[in-house]
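Observations on chain architecture
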Amino acid sequence: GRCLAVFTSGGDAQGMNPAVRAVVRMGIYLGCKVYFIHEGYQGMVAGGNLIRQATWASVSGILDDGGTIIGSARCLEFRERPGRLRAAKNLIDHEINNIVCIGGDGSLTGANLFRKEWEGLVKELSEKGEITKENAEKFNYLNIVGLVGSIDNDFCGTDMTIGADSALHRIMEAIDCITTTASSHQRCFVMEVMGRHCGYLALVTALGSDADWVFMPESPPEPDWEDKLCEKLKITRENGQRLNIIVIAEGAIDKEGNPITSEYIKDLITKRLHYDTRITILGHVQRGGTPSGFDRILGTRMGTEAVLALMEATPTSQPVVIALSGNQTVRVPLMLCTLAVAQAMKEKNFILAQELRGRSFKR
Ligand code: F6P
């Protein structure tokens with residue numbers, strides 16, 4: 001049978017384990033030998049004990065575990081060619097040339113670069129006598145399938161990334177806790193949520209929590225926002241509302257691209273309205289805990305589809321990402337997803353980047 005490997009890379013996300021489980025079981029079901037690469041690219045570069053065969057039983061009981069049982073890391077060595085050369089040798093030593101990468105934007109871009117270089121790496125390893133001529137011929141191409149695991153829901157080409165729904169659940173629970181105490185004391189809360197450059201979590205949080213205002217990078221406020229915000233808050237209080245919730249994405253910016261911070265908003269409200277204002281930064285709580293039902297199913301669907309895509313891949317086929325589009329799992333070219341967004345980000349065009357990233361906003 002063929003050999004395939006699965007690894008998780010970059011920031012973890014709830015639902016990665018269901019995806020890992022699906023890859024392992026679908027792979028075994030189709031007669032493949034499946035390997036775990038532990039600790040992301042770091043394990044691929046280091047090899048040895050970090051590349052281990054997976055069994056049907058080794059993924060039992062992990063559907064409801066948050067995070068990733070096979071570990072994740074940000075790896076500097078893989079960013080340099082010598083690191084990737086070692087990674088290629090380690091894979092070929094295990095006869096692996098099919099890999100499933102579960103990660104975010106950066107991890108998948110890295111995977112794509114690796115694939116492009118693969119032929120050259122194999123040639124070099126063969127010339128140096130580090131792999132046999134026979135293996136160099138047999139494994140002269142690399143198949144890659146990506147799954148997007150990130151709480152940020154910031155990936156172009158998919159309606160939802162694995163983990164975003166669970167993170168939203170975590171945030172909702174936290175906001176529900178804040179509102180009771182906020183109401184008792186007639187306080188105003190500035191709730192800062194994650195998302196890096198993406199405002200998805202902030203927007204859906206605001207919609208789901210009866211918030212008074214939301215700041216997000218894709219929609220910088222008008223220059224007179226300070227007056228408008230204060231006016232709005234005043235009206236809500238005059239109408240008998242005992243609390244205020246302002247949701248802010250960690251990547252929030254103004255029209256000039258300067259960050260808008262939670263501190264700044266708190267100071268503004270305290271100075272102008274004299275409301276008792278507090279900041280809650282949710283942080284990594286959002287990335288923890290059990291995956292939601294949606295993320296368990298999403299991870300499972302994407303993991304199985306990833307293995308099917310690998311089995312159907314030919315030496316010349318382009319790497320794909322498994323995406324959700326209109327509730328269907330589909331295969332989209334990896335390059336289409338990463339390149340356009342990278343370009344928009346380079347130009348600091350966050351609005352275009354977001355339009356490219358999420359279909360959810362366009363519909
Ligand atoms: O990409 C997921 C994410 O949680 C972002 O929302 C956040 O900006 C970042 O990772 C935090 O990174 P770290 O876990 O390295 O602090």
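As named in an unreviewed UniProt entry, the protein chain is ATP-dependent 6-phosphofructokinase, taken from Didymodactylos carnosus.

Our next topic: the sheet that holds strand E10 (residues 277-281). The parallel open sheet is built from four strands, whose spatial order is E8-E9-E7-E10. Strand pairing shows two members of the sheet lacking a second neighbour, strand E8 (213-215) and E10, which therefore form its edges. For this sheet the average axis-to-axis angle between neighbouring strands, irrespective of direction, equals 20 degrees. Direction of pairing for E8 relative to strand E9 (residues 244-249): parallel, over a ladder of three bridges. Looking at E9, one finds that Trp-213 is bridged to Ile-246. With respect to the sheet, helix H7 (residues 200-209) is in contact with strand E7 (188-193), E8 and E9, its orientation differing from that of E9 by roughly 165 degrees. Against the sheet, helix H9 (residues 262-273) engages E7, E8, E9 and E10, with an angle of about 165 degrees to E10.

Let us look at the site of the ligand. As a matter of local geometry, the ligand sits amid Arg-74, Ile-151, Asp-152, Met-194, Gly-195, Arg-196, Glu-250, His-284 and Arg-287. Glu-250 has a polar side-chain atom sitting 2.5 Å from an oxygen atom of the ligand. Here an oxygen atom of the ligand and a side-chain polar atom of His-284 are 2.8 Å apart. Here the ligand has 400 Å² of accessible area as a free molecule, and 74% of this is covered by the chains. Here the shell around the ligand is built from residues that sort into two nonpolar, two polar and five charged.

The next subject is the pairing of strand E2 (residues 33-37). For E2, the tally of buried residues reaches four of five residues, placing the bulk of the element in the interior. Here strand E1 (residues 3-8) runs beside E2; their pairing, made up of four bridges, is parallel. For Cys-3, the partnering residue across the bridge sits in E2 and is Lys-33. After leaving E1, the chain enters helix H1 (residues 16-29) and then returns to the sheet as E2, a path that is right-handed. With three bridges joining them, E2 and strand E3 (residues 51-53) adopt antiparallel strand pairing. Bridge assignment links Tyr-35 to a residue of E3, and that residue is Gln-53.

Cut-offs applied
Residues numbered from 1 in each chain as written. Predicted model: local features only at pLDDT ≥ 70, side-chain atom pairs only at ≥ 80, totals over all residues. Heavy atoms only, no water. Pairing = 2+ DSSP bridges. Helix = DSSP H or I, 4+ residues; strand = E, 2+ residues; numbered from the N terminus. Axes fitted to C-alpha atoms, helices over the stretch in contact; angles between N-to-C directions. Contact = heavy atoms within 4.5 Å. Near = heavy atom within 4 Å. Polar contact = N/O pair within 3.5 Å; in protein donor to acceptor, adjacent residues only side chain to side chain. Areas by Shrake-Rupley, 256 points an atom, 1.4 Å probe, with all protein chains shown as cover. Nonpolar A, V, L, I, M, F, W, Y, C, P; charged D, E, K, R; others polar. Buried < 20%, exposed > 50% of the residue type's maximum accessible area, 1.4 Å probe, protein only. Right-handed = clockwise from strand over helix to strand, strands pointing away.

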